[in-house]
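An overview of the molecular structure
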Amino acid sequence: MELVLITALGVGGATIFGAIIGFIFKGISHKFSDIVLSFAAGIMLAASVLGLILPSLEYGGRLGIIITVVGIFVGALSLNLIDKLVPHLHKFVGSEQNEHNHSNLNKVLLFVMAIAIHNLPEGIASGVGFGSGDTSQALIIAGGIALQNIPEGMVIIAPMLSAGVSPKKTFLCAALTGVVEIVGTLIGYLAVSLSYTILPFALAFAGGTMLYVISDEMIPETHSHGNEMGATYALLVGFCVMLITDVLLG
């Protein structure tokens, strides 16, 4: 449990770390952000398959394939429903930053709330990974999510400051989005700890949410600023790093 708590703090703290970078380096290029986000997407893509979906098949027994497929789609559909209610990063960053339309504070706060809501299932994915008993895989999954949270924390800062929110309140809002991820990590871990029978579905559900985030948000965001080639290779590097790590730790 102590390791899970430390991991939860690390995953949530990555968003806060990104926010601090956003304060210090307000002019960070899209290219740098896209490369980091794509690298994280590659790690998360491999981690979702190797650390969540394949273990779901293994623990599911005879009905493993059915449980896994259903879990993947339920996870993806859950985030799809959230997206319908509260659009996420690429929908807001494009309209708020590129068009310099920061006057509407409600939209900026909705943007921050969207990040917070999306952080909950990502946190759950981090916590569920520990339920399989494979600590090394769980840490890699959490590491990939944490790496994604850094640029996510960075992009919160500029829109809020431009909308007139004080630096103190801006940092507080960014920190709260990280706290949501900490809560999600603990929920995911406690859920599979209390009922081991839900582990196959929980693993697949977490894998489905990660696949959805990668496909619907991370890849479109990293390919929307003219950095497609660098982003593609950064994703491949992240994916291969995860494969190598899995082999070395396996």
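Scroll up a little and you will see the structure.
The paragraphs below set out a description of the structure included in this document. This is a predicted model, so every value here is computed, not measured.

At a minimum axis separation of 7 Å, helix 2 (residues 30-59) and helix 3 (residues 64-85) run at an interaxial angle of 145 degrees. Read as a crossing pair, helix 2 and helix 3 show a hand that is right-handed. Of the residues in helix 3, those touching helix 2 at Ile53, Ser56 and Leu57 are Gly64, Ile65, Thr68 and Ile72.

One finds Met44, Leu52, Val128, Ile141, Ile145, Met210 and Met218 to be the most contacted residues of the largest nonpolar core, which totals 35 residues. Those elements giving two or more residues to this core turn out to be helix 1 (2-24), helix 2, helix 3, helix 5 (105-131), helix 6 (135-162), helix 8 (199-222) and helix 9 (228-249). For this core, the leading source of residues is helix 8, giving 9 residues. The residues contacting Ile145, other than those within four sequence positions of it, are Val11, Met44, Glu122, Ala125, Ser126, Glu181 and Met210. With 9 residues, the next largest nonpolar core counts Val112, Ile156, Ile157 and Val165 among its residues.

Position of Ile53 among the secondary structure elements: in helix 2. The exposure class of Ile53 is buried, given its relative accessible area of 11%. In this structure the C-alpha to C-alpha distance between Ile53 and Ile65, which are 12 residues apart in sequence, comes to 9.8 Å. In contact with Ile53, other than residues within four places in its own chain, are Ser48, Thr68, Ile72, Gly207 and Leu211.

A few words on the side chain of Thr185. By the secondary structure assignment, Thr185 is in helix 7 (residues 167-194). Setting aside chain neighbours within four positions, we find Thr185 in contact with Val4, Ala8, Gly123, Ile124, Ser126 and Gly127.

Moving on, we come to the packing of aromatic side chains. A full pass over the atoms with the stated rule returns 2 aromatic pairs. Relative to Phe171, the ring of Phe23 has its centre 6.4 Å away and its plane inclined at 45 degrees; by these criteria the two rings are tilted. Of this pair, Phe23 sits in helix 1 while Phe171 sits in helix 7, placing them 148 residues apart in sequence. Consider the rings of Phe201 and Phe205, whose centres lie 6.2 Å apart with planes at 35 degrees: the pair is tilted. With Phe201 and Phe205 both in helix 8, this residue pair falls 4 residues apart, about one helical turn.

Before going further, it helps to examine a nonpolar patch on the surface. Together, Val49, Leu54, Leu57, Leu63, Ile65, Ile66, Val69, Val70, Phe73, Val74, Leu77 and Phe201 make up an exposed nonpolar region whose accessible area comes to about 1000 Å². At the level of elements, helix 2 and helix 3 are the ones that each hand at least two residues to the nonpolar patch. The element that contributes the greatest number of residues to the nonpolar patch is helix 3, accounting for 7 residues. Relative to the helices and strands, Val69 is located in helix 3. On the basis of relative accessible area, Val69 is assigned to the partly exposed category, the value being 37%.

Another aspect to go through is the packing of helix 2 against helix 8. Two numbers describe how helix 2 lies on helix 8: the axes approach to 8 Å, and their chain directions differ by 160 degrees. Between helix 2 and helix 8, the angle is such that the two are roughly antiparallel. Between helix 2 and helix 8 lies a crossing whose hand is left-handed. Looking at the contact of helix 2 with helix 8, its residues break down into 19 nonpolar, 6 polar and 2 charged.

Reading guide: rules and limits
Residues numbered from 1 in each chain as written. Predicted model: local features only at pLDDT ≥ 70, side-chain atom pairs only at ≥ 80, totals over all residues. Heavy atoms only, no water. Axes fitted to C-alpha atoms, helices over the stretch in contact; angles between N-to-C directions. Helix = DSSP H or I, 4+ residues; strand = E, 2+ residues; numbered from the N terminus. Left-handed = near helix turned anticlockwise from the far one by under 90°. Contact = heavy atoms within 4.5 Å. Core = buried A, V, L, I, M, F, W, Y, C linked by side-chain atoms within 4.5 Å. Buried < 20%, exposed > 50% of the residue type's maximum accessible area, 1.4 Å probe, protein only. Phe/Tyr/Trp six-rings, centres within 6.5 Å; stacked < 30°, edge-to-face > 60°. Patch = residues over 30% accessible without salt bridge, like charges linked within 9 Å, V, L, I, M, F, W, Y side chains within 5 Å. Areas by Shrake-Rupley, 256 points an atom, 1.4 Å probe, with all protein chains shown as cover. Salt bridge = Lys/Arg side-chain N within 4 Å of Asp/Glu carboxyl O. Parallel < 35°, antiparallel > 145°, perpendicular 65-115°, else oblique. Nonpolar A, V, L, I, M, F, W, Y, C, P; charged D, E, K, R; others polar.

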